[in-house]
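Each chain is listed here by its residues.
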Amino acid sequence: NLNWQKVKEEIIQISNTHSVDMALLKDDIWRRNKRLIVLDMDSTLIRSEVIDELAKKHGVYNEVHQITEEAMNGKYDFDESLRKRVSYLKGFKEENLKEVLKEIQLTEGAEDFIKTLKSLGLKVALISGGFNYFAKHFKEKLNLDYAFANELEFENGVLTGSVKGSIVNAEKKAMFLEMLAEQNNINLEQVVAIGDGANDLDMLSKAGLGIAFHAKEIVKKTAKQNMSHGKMDSILYFLGIPGAGDY
């Protein structure tokens, strides 16, 4: 009997050595029958971590970035890390959110990837431990079906240093994925989840196909599939769909 975990580790090693993405895919009835794609936002759909960009604008980048790195590598409880980082942003002006938004860039290939998925009738959801202001923007811009994220608390146009309501953490991300699948009568084997950080692991393992995209080391080791080199639309090949340019 083959040790598939060992094979996966060796494939990742070859992939990193040659800067080529490789994957082991189970060839069953679900492989070409995906119906729901769930994406993380920060450092997955977009190139940056929004909270770090807000911190830059507010002059507290070093303090916030260090906690972000530790949280994404699984060294910090996500809820606690988010509350602590947001507390550093107390006094941030709500009107400055649009300035930060202007600077944010989509990951290379993301727009073509999503256009292709939508043209084929797949549902696409953004499930983010980031913030609603940005998630809603990309939902509208890319014509996504759903977006879930955290709500920053503002009073009199400035950030209180708190997050409203419960936090979208690893557990909540997996819960939203299951809820969307159930609502749309979609088998979990027909769900693809794509993320990069430790708080995406539950979501990646819940989906029929979980892809660690340009991910942190802890995620690469745990996720079923790992993609560290190509553009986002290369994921189409994992789904048995020809390149974006063919649609």
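Coordinates for the structure precede this section.
Definitions and cut-offs
Residues numbered from 1 in each chain as written. Predicted model: local features only at pLDDT ≥ 70, side-chain atom pairs only at ≥ 80, totals over all residues. Heavy atoms only, no water. Helix = DSSP H or I, 4+ residues; strand = E, 2+ residues; numbered from the N terminus. Buried < 20%, exposed > 50% of the residue type's maximum accessible area, 1.4 Å probe, protein only. Contact = heavy atoms within 4.5 Å. Phe/Tyr/Trp six-rings, centres within 6.5 Å; stacked < 30°, edge-to-face > 60°. Lys NZ or Arg CZ within 6 Å of the ring centre and 35° of its normal. Polar contact = N/O pair within 3.5 Å; in protein donor to acceptor, adjacent residues only side chain to side chain. Pairing = 2+ DSSP bridges. Right-handed = clockwise from strand over helix to strand, strands pointing away. Core = buried A, V, L, I, M, F, W, Y, C linked by side-chain atoms within 4.5 Å. Arc of directions from axis to C-beta. Salt bridge = Lys/Arg side-chain N within 4 Å of Asp/Glu carboxyl O.

Check the secondary structure of the protein chain and you find 12 helices and seven strands. Out of the 247 residues belonging to the protein chain, those deemed buried represent 51%. Summarising the internal contacts of the protein chain: among those between residues at least 6 apart in sequence, 62% fall at separations of at least 24.

So, about the packing of aromatic side chains. The final tally for this structure, using the stated rule, is two aromatic pairs. Measuring from ring centre to ring centre gives 5.1 Å for tyrosine 133 and phenylalanine 134, while their planes differ by 75 degrees; the resulting arrangement is edge-to-face. Between phenylalanine 148 and phenylalanine 176, the aromatic rings sit 4.1 Å apart at their centres with planes inclined by 15 degrees, giving stacked as the arrangement. Of this pair, phenylalanine 148 sits in strand E3 (residues 146–155) while phenylalanine 176 sits in helix H9 (residues 170–183); the two residues are 28 residues apart in sequence, bridging distant segments of the chain. Just as phenylalanine 148 is buried, phenylalanine 176 falls in that class too. Positioned above the aromatic ring of tyrosine 61 is the side chain of lysine 56, whose terminal nitrogen or guanidinium carbon lies 5.4 Å from the ring centre.

One can find arginine 85 in helix H5 (residues 78–88). Once residues lying within four places of it in the same chain are set aside, the contact partners of arginine 85 are Ile51, Val64, Ile67, Thr68, Ala71 and Phe78.

We now examine the side chain of lysine 173. You can see lysine 173 is positioned in helix H9. A distance of 2.9 Å separates polar atoms of two side chains, one belonging to lysine 173 and the other to aspartate 40. Not counting chain neighbours up to four residues away, the residues in contact with lysine 173 comprise Asp40, Ile127, Ser128, Gly129, Val168, Asn199, Asp200 and Met203.

Looking down a regular strand, the side chains alternate between one sheet face and the other. For strand E5 (residues 191–195), the tally of buried residues reaches five of five residues, placing the bulk of the element in the interior. Both faces of E5 are covered, namely the face carrying Val191, Ala193 and Gly195 and the face carrying Val192 and Ile194. As paired strands, strand E1 (residues 36–39) and E5 are joined by four bridges and run parallel to one another. Of the residues in E5, the one forming a bridge with valine 38 is alanine 193. Here E5 runs beside strand E6 (residues 209–213); their pairing, made up of four bridges, is parallel. Paired with glycine 195 across the strands is alanine 212, a residue of E6. For the handedness criterion, the β-α-β arrangement of E5, helix H10 (residues 201–206) and E6 is classed as right-handed.

Turning to the nonpolar core, a few remarks are in order. Within the largest apolar cluster, 56 residues are counted, with the highest numbers of intra-cluster contacts made by Leu45, Leu54, Phe113, Phe134 and Phe138. Setting aside chain neighbours within four positions, we find phenylalanine 134 in contact with Met41, Val50, Leu54, Leu97, Val100, Leu101 and Ile104. Membership of the second largest hydrophobic core comes to 17 residues, among which are Val38, Val168, Val191 and Leu204.

Those residues of helix H8 (residues 132–142) that fall on the buried side of the exposure criterion are Asn132, Phe134, Ala135, Phe138 and Leu142. Viewed end-on, H8 has its buried residues packed into an arc of 165 degrees, placing them on one side of the element. Buried residues belonging to H8 abut helix H2 (41–45), helix H3 (50–58), helix H6 (97–103), helix H7 (110–119), strand E2 (123–131) and E3.

Under the defined criterion, the tally for this structure stands at six salt bridges. A salt bridge links aspartate 200 to lysine 173; the shortest N-O distance between them is 2.6 Å. One end of the pair, aspartate 200, is in the loop between E5 and H10; the other, lysine 173, is in helix H9, with 27 residues separating them in the sequence. Take aspartate 200: its relative accessible area is 0%, and that puts it in the buried class. Within the structure, one salt-bridge network assembled from shared partners comprises Asp40, Lys173 and Asp200.

Moving on to H5. What H5 keeps buried is the set Phe78, Ser81, Leu82, Arg85 and Val86. Along the axis of H5, the buried positions cluster into a sector of 125 degrees, meaning they face one direction only. Tucked into the core, H5 has its buried residues touching H3, helix H4 (61–72), E2, E3 and strand E4 (158–164). Its side-chain oxygen placed 3.4 Å from the backbone nitrogen of aspartate 79, aspartate 77 serves as the N-cap of H5.

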